[in-house]
Structures are given as structure tokens and as C-alpha cells.
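For reference, the chains in residue letters:
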Amino acid sequence: MTTKQGGIKDIALGRVDNFRLRLEDIHIRPEWNCRDVDFNSDDPDDLALAKSISEVGVKEPLTVAWDSGDGKAYVTNGHRRRAAAFYAKHVLKAEIESVPVQTEGRHASEADRVLSMIVRNSGKPLTPIEQGRVFKRLIDLGWSEKQIAAKAGISDARARQILTLQAAPQAVTDMVKSGTISASLATKALAASGGDGEKAAASLSKAVDNAKAAGKAHATPKHMAPQPSLRTQLKAVFDASTVDEKLDELNAYVIIMPAEQFEIVRDLLKL
């Protein structure tokens, strides 16, 4: 009795074309990638990746999109691997002739390519600020916060936090990047300030100063100036507001208020 020996193509539900390209033939679009830095040789993780590539090559294919306008392949997923491979080739002197790539799905849209920076990021995770840039691009493409949250596998509240941080003044984002404050502390300060970025930056800067005075490198909530209770904040907001203004103001507190608490407050205020 003989059996037919088929291949993966006989059972595959879709197709992704795999190729090998020279590094020099894989291009990047300026400012397309949302990472602050693709590769930093002073970063132990980045350097370890480059050393691994110098020893065994690139194992996970980069994803590219072909631009028929200029006849070039542009990386849409794998900027860090591409940069590490260049470092391995030109600095570590690895004999890298080509790297594996796969093409975007035939029907991939610009939104798919942008979202891939989140859902296909199997290497170094994006920071909250970098995620915010991805989310902002999706907002500009017409996506809602709820759609972004669902696709990214996070809560609606977390998506709002990330977008809030993305829109924060540079003074705030610089503190997050430097590690002197956490992303969560920044979003809480922004919410507590009612969206006033300058006010939030000032309170966070004071918290950093308080932390340094206490011999700490990172500010935490205990280093922030005492905040009025949620009851006091809400009372101040709603005592002299119209219904429309109430809705606008109440939305500013969604970031720091659990969903069930928000619903209770809204019901009590009969909005």
C-alpha cells in the first residue's frame, strides 16, 4: 500500500512567500519605525542579539513590503534585527551574505503594517511611549481606542493611558525615557491635572526632586504632593457645571477611576 507524500502547501490555509535578500537591499522608510532607537551597541540585549546573529545568522525572517514605485523592499517588521545584522556584519565582521525575509500578506493594509509593530513584536518590547506612537498612527487611520485595545490585547483604559502619555509634553516623556518616573505615574499625574500637561510636568518634576532628596533615583507616588481625595476632586468639578461640561470633565477621570466606580458616579450624578 502506498500513500501520497504531500507537502505543507497541501494543508496550508494561506501563503507567505519567503526569500533571502542582501542586507543592502532591505531599506527603511525614515521615521516609519516607532522605536526611539533601532539598535544601541551599549545596550546588553542589543549587543547580545548582534553577537547571536554573527554566530548563527538571522533566524526569524524580517517582514518586508515591496514598493513597485521605486522597486525597493522596505522592512515593516524587524528593524532591530536588520540593524543588529548590519552591526554583526560591519563591526563584528560576520560573513553575512543574506538574511531571510517574508513578504507582507497580499491584502495587507497600512493599518496592518502599523499594528504589526505591536502584535508581531517578539523581540525587545516597545516602551509605552513607543506604543503610543503606534496607537496615534492608528487613530489617524480612523481606528477607535476600543478597536486598538482589542487588537493589541489590552484594556480600553490601558489604551487611553498610552495615548494620553503619547500626547504629553516633552518634559514629561523625557522623564519617562530617563527612568526617573514610570509611565503609570506620568499618566496618573496627567489625569490628576485634568489634562494640563504643564501642570503635570511641574508636579512630576517636583516628585523627582523629592525622590533625589530622599536618595532615590526614581520617583514614586509617595514623592508626589498630596492630592485631594477623589470625592473632593469630583465635588469641585461638578458644583458649578452644566451637564455637558460634567460629561467632558468626568471623562478626564476615567484614566484613574475603575470602570465600575465611574458608572456608579455617573449614575449618582444622573448624567
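Rules used throughout
Residues numbered from 1 in each chain as written. Predicted model: local features only at pLDDT ≥ 70, side-chain atom pairs only at ≥ 80, totals over all residues. Heavy atoms only, no water. Helix = DSSP H or I, 4+ residues; strand = E, 2+ residues; numbered from the N terminus. Buried < 20%, exposed > 50% of the residue type's maximum accessible area, 1.4 Å probe, protein only. Contact = heavy atoms within 4.5 Å. Areas by Shrake-Rupley, 256 points an atom, 1.4 Å probe, with all protein chains shown as cover. Arc of directions from axis to C-beta. Pairing = 2+ DSSP bridges. Axes fitted to C-alpha atoms, helices over the stretch in contact; angles between N-to-C directions. Core = buried A, V, L, I, M, F, W, Y, C linked by side-chain atoms within 4.5 Å. Salt bridge = Lys/Arg side-chain N within 4 Å of Asp/Glu carboxyl O.

With that out of the way, let us pick up the overall build of the chain. Scanning the chain from terminus to terminus reveals 12 helices and five strands. Taking all 271 residues of the chain together, the buried fraction comes to 35%. Sequence-distant contacts in the chain: of pairs separated by 6 or more residues, those separated by 24 or more amount to 64%. When the accessible area of the chain is evaluated, it comes to approximately 16300 Å², of which 52% is carbon and sulfur surface.

The set of residues buried in helix 7 (residues 170-178) consists of Val 172, Thr 173, Met 175 and Val 176. Looking straight down helix 7, one finds its buried side chains confined to an arc of 155°; they lie on one side. In helix 7, the exposed positions that point more than 90 degrees away from the buried face belong to Gln 170 and Ser 178. On its buried face, helix 7 is in contact with helix 4 (128-140), helix 6 (156-166), helix 8 (183-192) and helix 9 (197-213). Looking one or two residues past helix 7, Gly 179 carries a phi angle of roughly 85°, positive in sign.

Once that is clear, we can look at the sheet that holds strand 5 (residues 99-103). Read across the open sheet, the five strands follow the order 1-5-3-4-2; overall the sheet is mixed. The open sheet is flanked by strand 1 (18-21) and strand 2 (26-27), the only strands paired with a single partner. Alignment of strand 3 (residues 62-67) against strand 4 (residues 72-77), held across five bridges, turns out to be antiparallel. Each residue of the ladder has a partner; that of Asp 67, found in strand 4, is Lys 72. Against the sheet, helix 2 (residues 79-90) contacts strand 2, strand 3 and strand 4, and its axis sits at roughly 115° relative to strand 4.

Turning to unusual backbone geometry, a few remarks are in order. With glycine set apart, most residues show a phi of negative sign, and most peptide bonds adopt trans. Here Lys 93, not a glycine, exhibits a phi torsion of approximately 60°, which is positive. Turning to its location among the elements, Lys 93 is positioned in the loop between helix 2 and strand 5. Overall, the relative accessible area of 63% leaves Lys 93 in the exposed class.

What follows covers the side chain of His 79. Relative to the elements of secondary structure, His 79 occurs in helix 2. Exposure remark for His 79: the relative accessible area of 6% places this residue in the buried category. Sequence-distant contacts of His 79, that is, excluding residues within four places in its chain, are made with Ile 28, Trp 32, Asn 33 and Asp 38.

Now for the nonpolar core. Among the nonpolar cores identified, the biggest contains 20 residues, and Leu 165, Val 172, Val 176, Ile 181, Ala 186, Leu 204 and Ala 219 are the most heavily contacted of them. Mapped by element, the contributors of at least two residues to this core are helix 7, helix 8 and helix 9. If one sorts the elements of this core by residue count, helix 9 sits on top with six residues. Apart from the residues within four sequence positions on either side, Leu 165 is in contact with Pro 128, Ile 129, Val 172, Thr 173, Val 176, Ala 183, Ala 186, Thr 187 and Leu 190.

Our focus in this paragraph is the pattern of salt bridges. Enumeration over the complete set of coordinates arrives at seven salt bridges. Arg 22 is paired through a salt bridge with Glu 24; the nearest N and O atoms lie 3.8 Å apart. Residue Glu 24 is classed as partly exposed on the basis of its relative accessible area, which comes to 30%. For Lys 146, the salt bridge is made with Asp 156, and the minimal N-O distance between the two is 2.7 Å. With Lys 146 in helix 5 (residues 145-152) and Asp 156 in helix 6, this pair connects stretches of sequence that are 10 residues apart. Residue classification places Asp 156 among the partly exposed positions, given a relative accessible area of 26%. A network of salt bridges, in which partner residues are shared, links Arg 22, Glu 24, Asp 25 and Lys 89.

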